[in-house]
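Chains, contacts and geometry: an overview
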Amino acid sequence: MINSLKAAVAALALLASSTSVLAADYEVRMLNVGPDEKSMVFEPPLLHVQRGDTVTFVPTDRGHNAASMEGMIPRGAAPWQGAISEPVSITFEVDGTYGYICEPHYGLGMVGLVLVGDYTASFEAAQSVRQRGRAAQRFRDLFAQATAMPPGHLIGAIPPLPPEPVPADTESSPAANPAGMPAEPHAKEPAGEPAPAQ
Ligand SMILES: [Cu+2]
């Protein structure tokens, strides 16, 4: 299990290091109702891609657009503004954190994040942009999700956080050493007496 996980991570790392050859394409759907029953969503709302990858925002439902949010893209990156009910493809050439919105539904919280490559340099700047309406809570959730990104995660959609915080060690409870017995000292090899020089 651990070994196959390691192999998968190694394969992903290899993939990531060769993106100049193999740029990937991603789709983010614009939906009136998301898989989790939330209304007005980008799906997936949180993506981690490599520099050179392309994300296409697809108008699965009509009446939406995708536009970068002012102050939420890294320095040197080009802002974008898709037309309503039209697909728009963005190739991300600058590492960083990109916040984007659906302009008609920003106040209803229709927002998303794309993290590109080593996105950390502009993460806090994007996170500190003041938000209004339901966009504030949705962005808070997305930044929290990004911060808690599972170890080994390199590219693709970032899974949502579990709905309820789960106590860290429900499984590794007492049992092993209930009575606080002193741990058995390491059995020591009988150290051979230093042989007296002959
Ligand atoms: Cu919308």
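So, a few notes on the structure that sits alongside this text.

Analysis parameters
Throughout, a residue's number is its position along its own chain's written sequence, starting from 1. pLDDT decides what is reported in this predicted model: residues at 70 or higher carry local features, side-chain atom pairs at 80 or more are listed and counted, and totals for whole chains, interfaces and linings draw on all residues regardless. We count a stretch as a helix when DSSP gives it H or I for four or more residues in a row; a strand needs E for two or more, and each element gets its number in order from the N terminus. Neighbour density around each residue's C-beta defines its exposure: 20 or more other C-beta atoms within 10 Å make it buried, 12 or fewer make it exposed, and counts between make it partly exposed, where C-beta atoms are placed from the backbone. As used throughout, a nonpolar core is a set of buried Ala, Val, Leu, Ile, Met, Phe, Trp, Tyr and Cys residues joined through C-beta atoms within 7 Å of each other. Placing a C-beta atom from the backbone of each residue, one calls two residues in contact when those atoms lie within 7 Å. We treat two strands as partners when DSSP finds at least two bridges between them.

Glancing now at the overall build of the protein. A count of helical and extended segments in the protein gives three helices and nine strands. Tracing the protein from N to C terminus, the helices and strands come up as α-β-β-β-β-β-β-β-β-α-α-β. Out of the 198 residues in the protein, the part that is buried amounts to 25%.

Our focus in this paragraph is the nonpolar core. With 33 residues, the main nonpolar core has L47, V55 and V114 as its most contacted residues. Among the elements of the structure, β1 (25-33), β2 (39-43), β3 (46-49), β4 (54-58), β7 (96-101), β8 (111-116) and α3 (133-147) are those that each provide at least two residues to this core. The biggest single contributor to this core is β8, with five residues. Not counting residues up to four positions away in its chain, the partners in contact with L47 are Y26, V28, V55, V114, L115 and A157.

Take unusual backbone geometry next. Geometrically, the link from E43 to P44 is a cis peptide bond, its omega value of -5° lying close to zero. Tracing the backbone shows P44 in the loop between β2 and β3. In this structure, M40 is a non-glycine residue whose phi angle is positive, near 55°. Following the sequence through the fold, M40 ends up in strand β2. The buried category is assigned to M40, around which 23 C-beta atoms lie within 10 Å. Its identity as a non-glycine residue notwithstanding, S85 has a phi of 65°, on the positive side.

What follows concerns the pairing of β4. Going residue by residue along β4, you find V55 and F57 tucked away on one face and T54, T56 and V58 left uncovered on the opposite face. Inspection of the sheet shows β1 paired to β4 by five bridges, in the parallel sense. Residue pairing for β4: Y26 is matched across the bridge by V55. Relative to strand β6 (residues 88-91), β4 runs antiparallel, the two sharing four bridges. Opposite T54, over in β6, you have T91 as the bridge partner.

Time to look at the pairing of β1. In this sheet, β2 lies alongside β1 in antiparallel orientation, the contact comprising four bridges. By the bridge assignment, V33 is partnered in β2 with S39.

What follows covers the environment of V88. Position of V88 among the secondary structure elements: in strand β6. By the C-beta count within 10 Å, which is 17 here, V88 ends up partly exposed. For the pair V88 and F57, spaced 31 residues apart in sequence, the C-alpha to C-alpha distance is 5.4 Å. Excluding anything up to four places from it in sequence, V88 contacts F57, A66, W80 and G82.

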